[in-house]
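# Per-entry structural report
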2 protein chains.
Amino acid sequence: MALIVQKYGGTSVADLERIEEVAKKIIRRKDEGNNLVVVLSAMAGETDSLINLAKKAAPDPDKREYDALISIGEQKTVTLMSIVLKRMGYRAKSLLGFQVKIVTDKDYTQARILRIDTEVIKREIERGVIVVVAGFQGIDEENNITTLGRGGSDTSAVALAAALGADFCEIYTDVDGVYTTDPNICSKAKRIKRISYDEMLEMARAGAKVLQPRSVEMAKKYGVPVYVKSSFTEGNGTLVTKEDEDMEKEVVSGVTYDRDQAKITVVRVPDKPGIAAKIFTPLSEHNIVVDMIIQNASIDGYTDLTFTVSRKDINQARQIVERVVREINAEGVVVDEDVAKVSIIGVGMVSHSGVAAKMFSALAQEGINIMMISTSEIKISCVIKAKYTELAVSVLHSAFGLDKP
Amino acid sequence: MALIVQKYGGTSVADLERIEEVAKKIIRRKDEGNNLVVVLSAMAGETDSLINLAKKAAPDPDKREYDALISIGEQKTVTLMSIVLKRMGYRAKSLLGFQVKIVTDKDYTQARILRIDTEVIKREIERGVIVVVAGFQGIDEENNITTLGRGGSDTSAVALAAALGADFCEIYTDVDGVYTTDPNICSKAKRIKRISYDEMLEMARAGAKVLQPRSVEMAKKYGVPVYVKSSFTEGNGTLVTKEDEDMEKEVVSGVTYDRDQAKITVVRVPDKPGIAAKIFTPLSEHNIVVDMIIQNASIDGYTDLTFTVSRKDINQARQIVERVVREINAEGVVVDEDVAKVSIIGVGMVSHSGVAAKMFSALAQEGINIMMISTSEIKISCVIKAKYTELAVSVLHSAFGLDKP
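Residues numbered from 1 in each chain as written. Chains lettered and ligands numbered in written order. Predicted model: local features only at pLDDT ≥ 70, side-chain atom pairs only at ≥ 80, totals over all residues.

## A short note on the overall build of chain A
- In terms of regular secondary structure, chain A is built from 14 helices and 18 strands.
- Relative to the compact-globule value of 22 Å for 405 residues, chain A shows a C-alpha radius of gyration of 23 Å, a close match.
- Here chain A holds 405 residues, and the buried ones make up 48% of them.
- Sequence-distant contacts, at least 24 apart, represent 74% of the contacts inside chain A between residues at least 6 apart. (Helix = DSSP H or I, 4+ residues; strand = E, 2+ residues; numbered from the N terminus. Rg over C-alpha atoms; globule rule 2.2 N^0.38 Å. Buried ≥ 20, exposed ≤ 12 C-beta atoms within 10 Å, placed from the backbone. Contact = placed C-beta atoms within 7 Å.)

Quick look at the structure:
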């Protein structure tokens, strides 16, 4: 008898009919003799409409109240699911963040889970109850409701699996697994059967939307095997797990892209200690996340500094940087919103040489100019003109042998 | 500096615009130098749509889950109100049932408040915060969410006022007070300035919908002065308070009616001990509330037994009673759904004679036949044909001097 934590996303519980379908899936698993903890998101669109309501009430709504408001969606799905499961003759019980005690820090809208009390859930499981837990929400030490950020229900599920010592965690979503690249822009994309935590993490960070990066970090930290599966079709999905020998044979496991990029270049920056801090400190103070940073070698005491931010932050970032430019006597600021980032990811890179060179030449052969490069142990990213995104993805997918069946 | 508990009903917070208006009313009270605890209902219609959702999920939804689902509406209004109040520059904080700790029994859908922890609210009040509490909801000793039944937010407000030792409680609704009768069916109805707890209780029980009877019981028990006022207009409303000399001068304070009545007569019941219990025990086991009961004097060892129930329960009640009829060898069952109850209420009745006679003759003069009569210390009710309801109310309103300005 296994203990399984399942998570169903918003499209999987979008209305009562889909909730019925998911209930049947849950029951099949239960009838196989497993113990089940089910984590649910809000109905698709529900959280967004609560967010809109909050923003109508105030342009910058109080964060404590905002979190208590937008956590309502999950309360609706878990109670409805429990009603349906009970009607079908099964023991079921919904639990909210405060009822489980999913304790987080006080960082409203993007709180981190500190600990989970497992007592209540374990007691219910022992009694044969299917426990249905509200994803996305927790409480801080003072009983304030907090939320875990976009995709937070993934993290709820993995954290519960870790705390309960579950055998594995199943994330049910609207795709049937993790793909070598986005099937919407590359028809040759293939489902990956097994992927390492680190690769999955880099893919999630580099733009693949299938799992919240934080949930992958947590799965890695506690060694929770995670299956990504479709709610709508049967199949084995993708297993996210520890690195093994088979994985290392593949140099590149996936190609990702991110169009939500904008590039800022600060021209002729005096090359003195503390200059970079002067530019990036005010950006971080305004919660602007800087992704890639490149500084050219200094010529005659001046250098160019280029970095990328999310497109939504570009106007604010430009204003901040222009202020700094005057202060530090740089020449000016150039903004380019017409860029995208493509990345190749694979644990095999560590032990293979020439991967970067192969990437650059594959892009060059198609006449795609590379504007910025950044590398990590298992990832290489290039910033290119946005219009080349699909082409670059296809070329790299093919160059690294991902096209073959 | 007074401590005031205010409650706003569903029509008062029906949308964001109305929430803004209520926020302004709250702020005016705060600016006068008062400490404020505000209890809110769900937006008008919201709880009903959640109830419909639950009933679509299962014809007889699990009560624990049902309560956790239908308590969502209040979470929405209290968080939105707090967002608006903070935007307007005031300190405000929403608190849900579990955050205050409004502890109830486990009687889902109609739970009773056992105790309220005042620590959290008092701490916030001391810091100048406007505390916005979700009405209608509580938690039981095991952290399960419970709800208090229709109109439960009135009870939340009065219970909070009692627990906090508030100076008074203001119930804001869509009418500007308690009337001598329903202004919709009797144009001569007048607002009552002061009314005793007992009269208010009888009026609420006899069909006046302005306050939940349970909230009046609680106000009486703890001596909380309650003002019933309109959210939409200014005015002093009605004060519900302890009986005083002025009140006793009025023989009758109000006339109420209740059309939600159905009458069942069990014909030729053998007049033996234990027969009434055989009829009423199975009804109460099915949660059918019996209102008036009349048993005629026994003739030749047989009697007729007549009682009234809510119309929604009539089919189930008939089935139950028909079963009992066969068992006890009564002759049969006659059901009449075409009835209504009219009542006169007044603390002055206790010390005035001839009130009942005056009521009966006023009705008789209009040719209105009385089918059943029941009396309490401060109320006399008659069951009549439904079509005479408006006429009976007008006649009684006039006969007891309530028409005069």
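## Remarks on the sheet that holds strand E15 (residues 302-309) of chain A
Residue and element names in this part refer to chain A.
- Here we have six strands laid out as an open sheet, ordered E14-E15-E13-E16-E18-E17, and antiparallel in their pairing. Every interior strand has two partners, whereas the edge strands, strand E14 (290-295) and strand E17 (372-376), have only one. In this sheet, neighbouring strand axes are inclined to one another by 30° on average, regardless of whether the strands run parallel or antiparallel.
- Looking at chain direction, strand E13 (residues 254-270) and strand E16 (residues 332-345) are connected through 11 bridges and run antiparallel. Of the residues in E16, the one forming a bridge with glutamine 261 is valine 339.
- Contacts from helix H13 (residues 355-365) reach E16, E17 and strand E18 (379-385) within the one sheet, and its direction differs from that of E18 by about 20°. (Pairing = 2+ DSSP bridges. Axes fitted to C-alpha atoms, helices over the stretch in contact; angles between N-to-C directions.)

## Here we look at the pairing of strand E1 (residues 3-8) of chain B
Residue and element names in this part refer to chain B.
- Most of E1 is tucked away: five of the six residues are buried.
- Pairing geometry for E1 and strand E2 (residues 35-40), over six bridges, is parallel. Bridge pairing in E2 links valine 5 to valine 37.
- Each parallel crossover has a hand, and the one from E1 via helix H1 (residues 16-31) to E2 is right-handed.
- The pairing of E1 with strand E9 (residues 168-173) spans five bridges and is classified as parallel. For tyrosine 8, the partnering residue across the bridge sits in E9 and is tyrosine 172. (Right-handed = clockwise from strand over helix to strand, strands pointing away.)

## Thoughts on the sheet that holds strand E15 (residues 302-309) of chain B
All names here are of chain B.
- Strand order in this open sheet of six strands is E14-E15-E13-E16-E18-E17, and the pairing throughout is antiparallel. Looking at the sheet topology across the chains shown, the edges are occupied by strand E14 (290-295) and strand E17 (372-376). Averaged over neighbouring strand pairs, the angle between their axes works out to 30° when direction is ignored.
- With seven bridges joining them, strand E13 (residues 254-270) and E15 adopt antiparallel strand pairing. Considered in E15, the bridge of valine 269 is made with threonine 303.
- Of the strands in this sheet, strand E16 (332-345), E17 and strand E18 (379-385) touch helix H13 (residues 355-365), which is tilted by about 20° from E18.

## Section: the pairing of E15 of chain B
Residues and elements named next belong to chain B.
- Of the strand pairs in this sheet, E14 and E15 are connected by four bridges, and their pairing is antiparallel. Paired with valine 290 across the strands is valine 309, a residue of E15.
- Linking E14 back to E15 in an antiparallel pair, the connection comprises six residues, with aspartate 300 at a positive phi of about 45°.

## Section: the interface of chain A and chain B
- In this complex, chain A contributes 25 residues to the contact, which on the side of chain B involves 26 residues.
- Within the residue set of the side of chain A that touches chain B, elements represented by two or more residues are helix H2 (46-57), helix H3 (63-70), helix H4 (72-87) and helix H5 (97-100) of chain A.
- Classifying every residue of the side of chain A that touches chain B by side-chain character gives 13 nonpolar, six polar and six charged. (Nonpolar A, V, L, I, M, F, W, Y, C, P; charged D, E, K, R; others polar.)

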